[in-house]
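Coordinate inspection notes
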Amino acid sequence: MGKGVYTFGGNRNEGSASMRNLLGGKGCNLAEMAGLGIPVPPGFTLTTEQCGAYYTNGRQLAEELKAEVLAALKWLEGVRGCGFGATENPLLLSVRSGARVSMPGMMDTVLNLGLNDQTVQALERASGNPRFAWDSYRRFITMYSNVVLNVEHALFEAELERAKERLGKHQDTDLSAEDWKKLVSAFKEIVLEETGKAFPQEPMEQLWGAIRAVFESWNTARAITYRRLNRIPDDWGTGVNVQSMVFGNMGDDCGTGVAFTRDPATGERLFYGEYLINAQGEDVVAGIRTPQPITRSQAEGTGLKSLEEAMPDSFKELDATCQRLEQHFKDMQDIEFTIERGKLFLLQTRNGKRTAMAGIRIAIDLVDEGLIDSKTALKRIDADSLSQLLAPVFDPKEKDRLRKEGHLLTKGLNAGPGAATGRIALTAEQAEKMAPEGPVVLVRVETSPEDISGMVASQGILTARGGMTSHAAVVARGMGKPCVCGASAIQIDLTRGIVKVGDHELKGGQDWISIDGSTGEVFAGKLSAHPSEVNQVLVDGRLKVEDSELYQRFAKIMRWSHEAKRMKVRTNADTPHDAAVARAFGAEGIGLCRTEHMFFEGDRIIAVREMILASDTEGRKKALAKLLPMQREDFEGIFTAMNGLPVNIRLLDPPLHEFLPQDEAGQKEMAEVIGVDLGTVERRVAQLHEFNPMMGHRGCRLGITFPEIIRMQVRAIAEAALNVAAKGIKAVPEIMVPLIGTVRELAYTKTEMLDEIAQVNKERGTQFACPMGTMIEIPRAAITSDKIAAEAEFFSFGTNDLTQMGFGFSRDDAGTFLPEYVGKKILEDDPFQSLDQEGIGELVRISCEKGRSARPGIKLGVCGEHGGDPRSVVFFHKVGLDYVSCSPYRVPIATLAAAQAALEQ
Ligand code: PEP
Ligand code: MG
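Now for a look at the structure at hand. Here the structure is a predicted model, which means the values were calculated and not measured.

Turning next to the site of ligand 1. Not every one of the 14 residues close to ligand 1 is listed here, only the nearest: Arg 594, Arg 650, Gly 798, Asn 800 and Arg 811. In the model, an oxygen atom of ligand 1 is placed 2.9 Å from a nitrogen or oxygen of the Arg 650 side chain.

Right, dumping it as C-alpha cells:
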C-alpha cells in the first residue's frame, strides 16, 4: 500500500484532476482547483485505497494511516495558523466522502468537527460572535451523533421545534446564542440517553470516528443500491476529505450555496443556483429555509433577493470562477461554495448530472463554443438516455400530485419507455372495442401473440407477470408503446372484471389507469401525456423541423454518430409502418422480419388455423394458398418502405399451438368459422400441447416437417420482390432460417427453398435469387459454426434464444427468480437485457471466428433484444459484427452506441 494521505491547498498541493481513481472525484478536483489558484480551504484526502484497506483490516484504521493523518493535520495547523482542539483559535474540520464517481447524497459528511465545551468558547472569542459559535456546536453535535453514533436525527429536530415553540420563534436564524447554548445541553442529554455515553469531547477521537463513519457509509443500503443501479463496482471505495472549515454562518455577510454553470434540466447556458445568507451547506438542501436564487434574472418575479443583488462582489467572483472551471474541465460544472465575511471559497466542483435533453444540448453547445470536438461530445451522451427523448411524457407536476394523493399503485419493470394513460381493458377484444371511444391501457396477467391487435389498439400495456424480454415487453418496445411488465402486486379478476392492487379496486372498461414505462410506475387515474417532439417531427409530421430545436439537436447527434460508427444499424420490423418509422430514425435495413406476427392480422388467422387443423398435406396446401397473396402483399409493402435497403425475412418460428385459441369460447368460435366440430378443434389443440414449447416443434423444425409452409413463404418473398421490381422499387431480401442446431437442418431447408424459387423463376421467366442464411440461437449451432457456414451466407445471432438455451433460463418465466439473482450478485445483470459477455458472448465470439474461418467475409449480425442495448452493442462491435438490429425506437440508441464503440477503440 502506497501513500495514504494527500494534502491540497495551502503550500503543499499533492494531487490533481488526473488522480481521480486514487483521490475520488471530490478530492482530486479540490486539488485541481487549488492548483489553479482558486480559493479552496486547505485540507487532505485519505485515498480510496484506504477504504478497501479499512475493510480488510477488520474495519479498523491502520496505525500507518493514523500516523499519516497526524502528520497532515500538523501541516494543516501550520498553514491555517491555528491548533486542532486548541483553546485559543481552534482549527475546525469538515470530513466528507468522495468516490471516483459522484454518488450524490449517498454517503456521509460531518461539519464543524473539533468543537467541544472548551473550543466552542475559544471560537466565541476568536470570532467575537457567540451566536455563531453555539450554532456551529449544535450543528456538530447533531451531525456527528447521527452519522457516527447512529442517533436519530429526528430526536434533535423535535427538540429544536419544541424550543422554538417555547420561545415563540419561527426561523433558526431567530435563535440567539443563549438559545443555542441551552439546546446544546439538551442535545448532549439526548446523546447520553440514546448511547449511554457522554458526547465525545476529545477532538482526535471525534476525527477517527468521523473517518471511520465515512468509510462505513460506503456500505449503507442506499449506497449499495445506488451502485447497483449505476453499475459502480463495490471495490472502488470512497476517499475521505478532511478540510479546514470556512463558515457561512458567521453573520449576514456570510452565506453558502450550490450552483450549476448551465441549466441541468434544459442545458441552457445560464448560471443557475441557490444560496442562503448566514447558513451552512446542509440548510440549503434540508429544506428548513427556502433557498434564494443566485442571479437577478432567476429571482425575477419571486420576490426573493438574489446573490447578485445581496453580495454583488462575491457574485461577480463566483460567476467568473465558475466560468473558469467550466472552461478548464470543458463540461458543465456543479459547484458548492461558501462566503465567509465577504470572502468566497469553493468547496467542490464536479461535472453536473443532467437530463437527457440537457445532456444533448450541452454537448452540442460545447462543440459550437470550441471547447470539445464532436467525437468527445458523442462519448459524453448516455446512449440509453435517448429513449427519454423519443418517449411520450407525463407532466411531472401532475405525477407529483397523484403521488401525494396516494394514487401511486405499484411499480413494475420499466419495459417500454413512455407515458400512457387510458381506461382499463382486461382483454385484447375489450381493448379493440373500447379504443374508438378513447384511450385504453391493456392490463393482462401476461400477453400472448393473440393479444397483438389489442396491444395495437392500446396506448400502453401493463402486465402482472413477465420480464424485460417477455412477449409484452418485446412487442411493446417494437411498437414504441409504453409498457410496464412484471407488476406482481397487481391481481386481475377476470370474472368480476376488476384489477386489484392493495386496497385499490379498479373496474375494467371503466376506470382510468396511467403507466410510466420509463420508471415502471403505475397510477390510478388520468394523467395527460403527449408524444415527444422528435416523434412529432419524424413520425406524425405534426411539427416542422425548423420549429423544433430539440429535433435539430437530435438530428445532429445522429449525423455525427453515422459518421463515426463502423457497424450498420438495422431494425426489427414486421410491418410497412414500423419499417418506415425505423427508416425515419436512420435504420439501414431490416435485420429481422418476424413473419409470424403477420399471421395474426385480420382474417388471416382463420386461414392459419385452417392450415393447422388440416389432416393432410393437401388440406394444408389449400389453406396456404389463401395465405400466399396476403403474405406477398405484406412483403411488397415492406420492400417498398425499405426501397434499396436489405430486408432480412425469417421463416415461421413459433410452435403452431400459439395460433390456436386455448379457451373454450375461442375454440367454439373457431370451429364455427372454419366449419368443423368442436371435438376436432379440441383434439388438435390437445395434440399440439407441448411441455416445453420453447424447445419443441418450432423454428426450422416446422419447415422440415411441413415444407409446404416455408415454400409458401419463400414464394411470397420471391413474387413480392419481382412485383415491386416491376414498379422500379429495389427489393433486397435475405431469407433466414430460425433455430438451426445442425448444418443438415439448414441444408434440407435450403433445398426446399431453392426448389420453390426455381419454380417461380420458371413460371415467370425470371432469375430471382437472394442470400440465404441462418439464425444462431442454439449453442450447438454456435460451436459448429464452421460447418454451418458452408451452407449459410450470413449468420444473425438470436441472442434471446441463445441466452435462453445457453443458460437454460426460460425467457418467459425467468422473471420469477432473475431479480433475486441480480440482487444476490449471482449475476451482474439480467442476461436477457444485457448480454452475458463471458458466457453467451463467448458463444457469439466462437461462432464468428468459426464462421469466418469457413467462409471469409460471411455477413454477421445480431437481432436479439441485445442489439438495442448499448453495452451489448459495444461488445458486438468488438467481435466484429457487421450490423446490429433492434426495435425501431431503439435505432437511435444503437446508432449512438455503435459510434461510441468505434470511438472507444
Ligand atoms: C432471438 O431469439 O434472439 C430472436 C431474435 O428471435 P425471437 O425473439 O423471435 O425468438
Ligand atoms: Mg429466437
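What follows continues from the structure just given.
Here we come to the pairing of strand β33 (residues 883-886). Both faces of β33 are covered, namely the face carrying Tyr 883 and Ser 885 and the face carrying Val 884 and Cys 886. Relative to β33, strand β26 (residues 568-572) runs parallel, the two being bridged by 4 bridges. Counterpart to Thr 571 in the pairing with β33 is Cys 886. Pairing between strand β32 (residues 859-862) and β33: 2 bridges, direction parallel. Considered in β33, the bridge of Gly 861 is made with Tyr 883. Crossover β32 to β33 through helix α36 (residues 870-878) is right-handed.

Turning next to helix α35 (residues 840-854). Because the α-helix completes a turn every 3.6 residues, residues three or four places apart line up on one side. For α35, which comprises 15 residues, the first-to-last C-alpha distance of 21 Å matches the rise-based estimate of 21 Å (1.5 Å per residue) to within 8%. Where α35 is concerned, the buried positions are Ile 840, Gly 841, Leu 843, Val 844, Ser 847, Cys 848 and Gly 851. One side of α35 holds all its buried residues, which, seen down the axis, span an arc of 155°. Residues of α35 that are exposed and angled more than 90 degrees away from the buried face: Glu 849 and Ser 853.

Another point: the nonpolar core. If you look at the biggest cluster of nonpolar residues, it comprises 126 residues, and the most contacted ones within it are Ile 557, Phe 635, Phe 639, Leu 656, Phe 659, Phe 795 and Leu 881. In terms of residues, this core owes the most to one element, helix α29 (residues 707-726), which gives 11 residues. Discounting chain neighbours no more than four positions away, the residues touching Ile 557 are Ile 360, Ile 364, Leu 378, Ile 381 and Leu 896. The next biggest cluster of nonpolar side chains, apart from the first, holds 67 residues, and it includes Val 95, Leu 113, Tyr 137 and Ala 213.

Cut-offs applied
- Residues numbered from 1 in each chain as written.
- Chains lettered and ligands numbered in written order.
- Predicted model: local features only at pLDDT ≥ 70, side-chain atom pairs only at ≥ 80, totals over all residues.
- Heavy atoms only, no water.
- Near = heavy atom within 4 Å.
- Polar contact = N/O pair within 3.5 Å; in protein donor to acceptor, adjacent residues only side chain to side chain.
- Buried < 20%, exposed > 50% of the residue type's maximum accessible area, 1.4 Å probe, protein only.
- Helix = DSSP H or I, 4+ residues; strand = E, 2+ residues; numbered from the N terminus.
- Pairing = 2+ DSSP bridges.
- Right-handed = clockwise from strand over helix to strand, strands pointing away.
- Expected span 1.5 Å × (residues − 1).
- Arc of directions from axis to C-beta.
- Core = buried A, V, L, I, M, F, W, Y, C linked by side-chain atoms within 4.5 Å.
- Contact = heavy atoms within 4.5 Å.

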